[in-house]
Amino acid sequence: MTALYIITKIITLPMSYLKSLWEHITCVILRLAIEHKECIKMDETCGHVEHRLADKKASAYFVCAIPSFVMFLVALVTLAAGAIPLFYLGTFKYLALAKRPLVFWLYVVFVYLGGSALCNMFPMVEDVLKMREKIYGKDGANLFVKIILFLPFLWLTAGAYLEKYCVTFLLTAGAIAAGFILL
Amino acid sequence: MDDFEKNNELENEAEIPETEGSAAFDEPAEEVTAESADTEAPETEAPAAFDEPAEEVIAESADTETQEEEAPAADEETAEETDGDDAGAETTDTEVTGTEDGQDDGEPMLEGGDLQPCEDITDESSDEDGSEDQIEDTEENIEDIPEEELCKRCFARRRDTSVEGFEYCSVCVDEMAETKLSFGAFFYIVLSTAVFMIAAVFMLAGIYVAQPVAKAQIVAGQHRMTQAMEQLDVADERVEKLNSRVFGQNKNNIILFETGTNTEYRYIRFLNVLTGPPSAGETIEKTETINIEKLPKDLKAIHDEYRLFEDTYDLVSNEFQSIYETTGEPDFDTMIAKIDQIAQENDNVHKPALEYIKYYLAKNSGAPEDVQQSYLEQLEKKYPDCVWLYLNPLLNLYFDAGNYNKVIGCCDKILKINVNDVSAMTYKARAYYNLDKQDKVDETVKLLEKNCTENSKSKVNAFKAELKRRDGKFDEAIAICDNEIEKYPKKEEAYRQKAIALMLKGDMKGAHETILIAYEQADDASFNMLEILAITANKTGDKEKIEEIENIFSYYGGSLSSKAQACIEGTMTVEQIFMEGTGDIG
């Protein structure tokens, strides 16, 4: 499973590296000790920065949420930039592949980057579990915060597990492949 | 303090040479004990140190000879064990080990009798925050820290045990919390931000073009076909705008943005719904951005039907041509029989087209309208799905025949396909007007106002002017037309209705001038407008214009309608044409 996970991170290298950089920045902002700043390691923390687990509730939440939100934004913009002209409008579809202009290949690159960002959107399972412990645990946050953060927490938790078992990669790759086949 | 030291040294020097007598040590020990009682010397520890058995003292001094570096650490440890009086400890240890005195022979020196507190020394050497002491203590105690408790990063300090299972000391944790990005990583973030900005621009451009296309799909689902077609035109305009903005006048015809092949497919599907396979298929063949070999299945079927339609027409033309060449121009019955024969002998022909050709032949040969009507009704009965073939001609025939209930039925069928069809709604309103159902007329006009598109608003207002002039309210009709002309100076229908209202009012010259404006600015004048122009030219004596109009009609293989002809000849008045019956020429 770890080997498969590493393979998906290598395939989506540009965005897995960007995700780890954003995790690094978030840890610096939140004053969380970064144990190893190497991002691409051949283990289950590939694409993530190894850092000290957060002590505070806010840190535990934001270390998961901020990089995830940034990558979501990147995924949305780059995927839309490529998918709208390629899949929805069918730009340059009538031309043979060799005759398609450069801008067509730019759209393809955007789709690749957007899909990679989708596959690198979620935090590590450890961070998510720490967040759960801090917010919903024994000395957790107050009820109002629990309610407000429930949906983001659910999203991040589900996503972390899906990403860990490469389900996000399979879904994204399948969707993009279907788009290109139907194209 | 110096006295203490001197006393200490002197006594030590006196004691260190190998006298073993305890009495020699007793006095100094008592003095030390008394002195230490006066100071902050470890009262509890010093006696204990003095009470140490000789073996322990010997062992400590033996260790010191080989481990001089550990002496300061040992001093610290001892200091921690006391009440903080390092001097006493150091002095004790020093005296015990003898390193300060430089006597490293390892021999036990004393049992503590000559020990003197040296807290003053300690006070001078200690830091205010005690960190050096801590470091000295740590360094001193590093040997004593088990390996599993050492910081994994610096291996010099004890781990931060406040966090269970954590592997680093607090100093390293602080340093790690400020780990900086490498230059390469920083550069990568800048590069990715630039890529993100470029992607954002393309995303916005894509949304700008895709938004009217998406709207077209939505309104097409609501059977608003005219609105859907207009939205696709908006998408084309936006693409032109974007490309010209990027490339200026687009001299090299470079295309960065385009509506895309999928949008062309949508356009053809809408066209097929509105006008049927002939026009949709023709569009497929003429559009450069469509590759016929890569068509989706439904468009392939449309294209195939178009080809069959064209081939059927060609077949019929060839057959009539051969008849004409052999026996001369065939009569109407011969042509109808020939068409039936072609339908029976050939399976690969467009059967609805053959039925339509019968109506077309009837119309061109001047057959009575009921005969034409019968052919279309036969077509409707046999092939009810081919509404694009029979519905509009049937509607016109019913209207001309005064069969207004059937007109309303036809209009309802057309409106089911396209809610925005202004022509169908105006015919329906006219039918209700002729049936004297004013409430239905008002209801239809409201529906017309609600469902018309932006581009057809001028036609709707012109129709309202028509209803006013049919009610005899010519000035109101003219006012409505003037309002429309001001808003949409290029729209022909407002000029036409104004000219009719002016004619009915008796102002032929004004009517002629009005319709001339529309004629001169029109790219493609409609037959309806040409007929009004012909009437006004006749009434004002503009023979040049009449000739010009006749030439146009003959060029297109048509002629003036019977009503226009009758008006020009004087057999019908303007009032009879525009106030009675259908209320118009066409």
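Look above for the structure.
Source: prediction; values computed, not measured. (Residues numbered from 1 in each chain as written. Chains lettered and ligands numbered in written order. Predicted model: local features only at pLDDT ≥ 70, side-chain atom pairs only at ≥ 80, totals over all residues. Heavy atoms only, no water.)

A. A look at the interface of chain B and chain A. Counting from both sides, the interface comprises 48 residues of chain B and, opposite them, 40 residues of chain A. Where chain B packs against chain A, one counts 11 residue pairs in polar contact (both at pLDDT 80 or more). Sorting the residues of the side of chain B that touches chain A by element identifies helix H9 (170-176), helix H10 (183-221) and helix H12 (261-275) of chain B as the ones contributing at least two each. Element by element, the count of residues in the side of chain B that touches chain A is highest for H10 of chain B, at 18 residues. (Contact = heavy atoms within 4.5 Å. Polar contact = N/O pair within 3.5 Å; in protein donor to acceptor, adjacent residues only side chain to side chain. Helix = DSSP H or I, 4+ residues; strand = E, 2+ residues; numbered from the N terminus.)

B. Inspection of the environment of Glu175 of chain B at higher detail. Its place among the elements puts Glu175 of chain B in helix H9. Put simply, Glu175 of chain B and Leu394 of chain B are 219 residues apart on the chain and 88 Å apart in space, counted from C-alpha to C-alpha.

C. The arrangement of unusual backbone geometry in detail. All names here are of chain B. The phi dihedral of His223 falls on the positive side, at around 65°, and the residue is not glycine. If you check the backbone angles, Asp436 has positive phi at about 60° while not being a glycine. For Asp436, the position within the fold is in the loop between helix H20 (422-434) and helix H21 (438-451). For Asp436, a relative accessible area of 71% puts it in the exposed group. (Buried < 20%, exposed > 50% of the residue type's maximum accessible area, 1.4 Å probe, protein only.)

D. Local environment of the packing of helix H15 (residues 332-345) of chain B against helix H16 (residues 351-364) of chain B. All names here are of chain B. Contact geometry for H15 and H16: axes closest at 10 Å, N-to-C directions at 180°. Taken together, the axes of H15 and H16 are roughly antiparallel relative to one another. Residues Phe332, Met335, Ile336, Ile339, Asp340, Ile342 and Ala343 of H15 touch H16, and the partners they reach there are Lys351, Leu354, Ile357, Lys358, Leu361 and Ala362. Per-class residue counts for the contact of H15 with H16 are 10 nonpolar, no polar and three charged. (Axes fitted to C-alpha atoms, helices over the stretch in contact; angles between N-to-C directions. Parallel < 35°, antiparallel > 145°, perpendicular 65-115°, else oblique. Nonpolar A, V, L, I, M, F, W, Y, C, P; charged D, E, K, R; others polar.)

E. Summary view of the nonpolar core. Counting residues in each nonpolar core, the largest one holds 52 residues, and the members touching the most others are Phe320, Leu354, Leu361, Leu376, Leu395 and Val407 of chain B. What Phe320 of chain B contacts, discounting residues up to four positions off in sequence, is Met335, Lys338, Ile339 and Leu361 of chain B. Grouped together as the second largest cluster of nonpolar side chains are 36 residues, Ala81 and Phe104 of chain A together with Ala199 and Met203 of chain B included. (Core = buried A, V, L, I, M, F, W, Y, C linked by side-chain atoms within 4.5 Å.)

F. Broad picture of helix H5 (residues 125-136) of chain A. Residue and element names in this part refer to chain A. Helix length check: H5 (12 residues) gives 16 Å between terminal C-alpha atoms against 16 Å at 1.5 Å per residue, within 8%. By the burial criterion, the buried members of H5 are Val125, Asp127, Val128, Lys130, Met131, Lys134 and Ile135. Its buried side turned inward, H5 meets strand E2 (50-51), helix H3 (57-89), helix H6 (143-148) and helix H7 (150-164). (Expected span 1.5 Å × (residues − 1).)

G. Just the pattern of salt bridges, in detail. Residues and elements named next belong to chain B. The final tally for this structure, using the stated rule, is 25 salt bridges over all chains. Asp304 is paired through a salt bridge with Lys300; the nearest N and O atoms lie 3.6 Å apart. Taken together, the positions of Asp304 and Lys300, both in helix H14 (residues 297-327) and four residues apart, correspond to about one turn of that helix. Assessed through its relative accessible area of 40%, Asp304 is described here as partly exposed. Here Asp412 makes a salt bridge to Lys428, at a shortest N to O gap of 2.8 Å. Here Lys428 lies in helix H20 and Asp412 lies in helix H19 (residues 404-417), a separation of 16 residues in the sequence. For Asp412, a relative accessible area of 34% translates into the label partly exposed. Given the relative accessible area of 13%, Lys428 is considered buried. If you follow the salt bridges from partner to partner, you end up with Asp340, Glu355, Lys358 and Lys382 in one network. (Salt bridge = Lys/Arg side-chain N within 4 Å of Asp/Glu carboxyl O.)

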